[in-house]
Amino acid sequence: MLTIYNTLSKTKETFKPLDGNKVRMYVCGMTVYDYCHLGHGRSMVAFDLVTRWLRKSGYELTYVRNITDIDDKIINRANENGESFDALTARMIDAMHEDERRLNILPPDQEPRATDHIAGMHAMIQTLIDKGYAYAPGNGDVYYRVGKFVGYGKLSRKKIEDLRIGARIEVDEAKQDPLDFVLWKGVKPGEPSWESPWGPGRPGWHIECSVMSTCCLGESFDIHGGGSDLEFPHHENEIAQSEAATGKQYANAWMHCGMIRINGEKMSKSLNNFFTIRDVLEKYHPEVVRYLLVASHYRSAINYSEDSLRDAKGALERFYHALRGLPRVAAKGGEEFVERFSVAMNDDFGTPEACAVLFDLVREINRLRESDVEAAAGLAGRLRELGDVLGVLQLEADDFLRAGAEGKVDAAEVEGLIQARLQARADKNWAESDRIRDQLTAMGVVLEDSKGGTTWRLAD
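Structure report, in brief.

Cut-offs applied
- Residues numbered from 1 in each chain as written.
- Predicted model: local features only at pLDDT ≥ 70, side-chain atom pairs only at ≥ 80, totals over all residues.
- Heavy atoms only, no water.
- Helix = DSSP H or I, 4+ residues; strand = E, 2+ residues; numbered from the N terminus.
- Expected span 1.5 Å × (residues − 1).
- Buried < 20%, exposed > 50% of the residue type's maximum accessible area, 1.4 Å probe, protein only.
- Contact = heavy atoms within 4.5 Å.
- Salt bridge = Lys/Arg side-chain N within 4 Å of Asp/Glu carboxyl O.
- Axes fitted to C-alpha atoms, helices over the stretch in contact; angles between N-to-C directions.
- Parallel < 35°, antiparallel > 145°, perpendicular 65-115°, else oblique.
- Nonpolar A, V, L, I, M, F, W, Y, C, P; charged D, E, K, R; others polar.
- Core = buried A, V, L, I, M, F, W, Y, C linked by side-chain atoms within 4.5 Å.
- Pairing = 2+ DSSP bridges.
- Phe/Tyr/Trp six-rings, centres within 6.5 Å; stacked < 30°, edge-to-face > 60°.

### Observations concerning helix α4 (residues 118-130)
Piece 1. With 13 residues, α4 should reach 18 Å at 1.5 Å per residue; the first-to-last C-alpha distance of 18 Å fits that figure.
Piece 2. The set of residues buried in α4 consists of I118, M121, H122, M124, I125 and L128.
Piece 3. Along its buried surface, α4 packs onto β5 (134-135), β6 (142-144), β7 (181-186), β8 (201-203), α6 (205-217) and α7 (231-246).
Piece 4. The positive-phi residue at the C-terminal boundary of α4 is G132, with phi of around 85°.

Okay, here's the thing in structure tokens:
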């Protein structure tokens, strides 16, 4: 029985889809004005993990993750670059997809873009105006009337009276209340714009997700996800808009993943303390980065450091050493490990406990490999099967363990020296065997002797 921590209720709840076995999930995606940083990668991997487990559990999932392809940051960056906003976003979307592929992130079923849903935004805004939840002051803008929505603050547990303290209205705004937020922005000189009933302009950020989610998944759906930094005001405002417009509960469950932190601060472009995914992948294997992101519980913060990446690399090396030298066969045996893994994942996607199960499975594989290769191979298949839920352990063991060797050592030379050492050992020429091992060690090569032969990898 799957339980999910619902940010709306602040409790774990038994998951029950709104429509039989079908699950509809919407996740706030990227604002594509720059390369994705590792914090974005955390969110993408977290909900990829949710996707994999829901499907592994037999649910029929429709996964929608949007792209924000128009906002202030995009316009400003395009102007800085001297290019059109759509040329910028096209490049950044391609780069985002490349990062996803390298991190083994499955593509969402639908990936709506804000600029393709302008008409839907006009329709929802007009509905909100007609119901008295929004107003157009006549300057080209349209604002949402926060004070009219009785449930405002129910997601973040913020109170309107507390929010009003210190809030203010900018000189060029025509708000009735400092808490009111923009649904449609009147055009400014040099900005891209679309015609609307209130004059040319462009959408506010919050209305985009309300429209894209309900367009793709209906007025009510099962799961809405995103980073914890979106809980307020973005997701709070989505609820206010959507539920005022439809009169229905917007999302049944809200899931928020933790942030990547650098020295205790959230990794973000605004703080200029971020590492892009491609920066990190220049130094570390993509599977190492992915394992770092899945080994911690999705709701917890991850403190990024070289040590944490080295730990992730070490964990994967233990897994791949267990797989090394065993034939690839279908998973067989180890049902108790599957049961424990399932219990962990069904408890709000408990990956730390699930990873602990994999380590126990590795110990059993290593115990059996010398005495019962067939049983060990069946458990190795089970290890790959469970690893696939986390998006790891699908490579050939040598491919992972020797990753990065190209350009550092000549693989043919290494193999030749290994054969020469094996011959020296067969001839009982221990001095020559030790000399060759020392030569390989000096080259940065680690040898591993076993009953099945000698394998090698690069030293850390």
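### Side note on the pattern of salt bridges
Where charged atoms of side chains with opposite charge meet at close range, the side chains can pair.
Piece 1. If you walk through the whole model with that rule in mind, you get 33 salt bridges.
Piece 2. A salt bridge links E219 to K248, with the nearest nitrogen and oxygen atoms 2.8 Å apart. Residue E219 is located in the loop between α6 and β9 (221-227), and its partner K248 is located in the loop between α7 and β10 (251-257); the two are separated by 29 residues in the primary sequence.
Piece 3. Given the relative accessible area of 43%, K248 is considered partly exposed.
Piece 4. Several salt bridges share partner residues, and in doing so they unite D48, R52, R290 and D388 into one network.

### A short note on the packing of helix α9 (residues 286-295) against helix α10 (residues 306-323)
Piece 1. Where α9 meets α10, the axes come as close as 8 Å, and the angle between the chain directions of the two elements is 105°. It follows from the interaxial angle that α9 and α10 lie roughly perpendicular. Each of E287, V288, V289, Y291 and L292 in α9 lies in contact with α10, whose residues at this interface are S308, L309, A312, K313, A315, L316, F319 and Y320.
Piece 2. The residue makeup of the contact of α9 with α10, split by class, is 10 nonpolar, one polar and two charged.

### Description of the nonpolar core
Piece 1. Counting 129 residues, the largest nonpolar core has Y144 and F341 as the members making the most contacts within it.
Piece 2. Leaving out residues up to four positions away in the same chain, Y144 has contacts with L128, Y133, A134, F149, D180, F181, L183, A240, Q241 and A244.
Piece 3. Within the second largest apolar cluster, 10 residues are counted, among which are V409, I418, W456 and L458.

### Some points on helix α12 (residues 351-368)
Piece 1. Look at α12: 26 Å from first C-alpha to last across 18 residues, which is about the 26 Å you get at 1.5 Å a residue.
Piece 2. Of the positions making up α12, those classed as buried are T351, A354, C355, V357, L358, F359, L361, V362, I365 and L368.
Piece 3. Residues of α12 that are buried make contact with α1 (38-56), α9, α10, α11 (335-346) and α13 (373-390).

### Some words on the sheet that holds strand β13 (residues 302-303)
Piece 1. If you trace the three strands from one edge of the open sheet to the other, you get β12-β11-β13, paired in mixed fashion. Across the chains shown, the open sheet's two edge strands, defined by having one partner strand only, are β12 (265-266) and β13.
Piece 2. Note that strand β11 (residues 260-262) and β13 share two bridges and pair parallel. Across the sheet, I260 pairs through a bridge with I302, a residue of β13.

### Details of the packing of aromatic side chains
Piece 1. Enumeration according to the criterion identifies 15 aromatic pairs in this entry.
Piece 2. Between F221 and Y250 the ring centres are 5.2 Å apart and the planes differ by 80°, which places this aromatic pair in the edge-to-face class. With F221 in strand β9 and Y250 in the loop between α7 and β10, the pair connects residues that are 29 residues apart, well separated along the chain.
Piece 3. For F221, a relative accessible area of 0% corresponds to the buried category.
Piece 4. Judged by relative accessible area, which is 1%, Y250 ranks as buried.

### Observations concerning the pairing of strand β4 (residues 60-65)
Piece 1. The pairing of strand β3 (residues 22-27) with β4 spans six bridges and is parallel. Bridge pairing in β4 links V23 to L61.

### Comments concerning the sheet that holds β7
Piece 1. The antiparallel open sheet is built from four strands, whose spatial order is β5-β6-β7-β8. For this open sheet the edge positions go to β5 and β8, each flanked by a neighbour on one side alone.
Piece 2. On the sheet, α4 packs against β5, β6, β7 and β8 and is oriented at approximately 125° with respect to β7.

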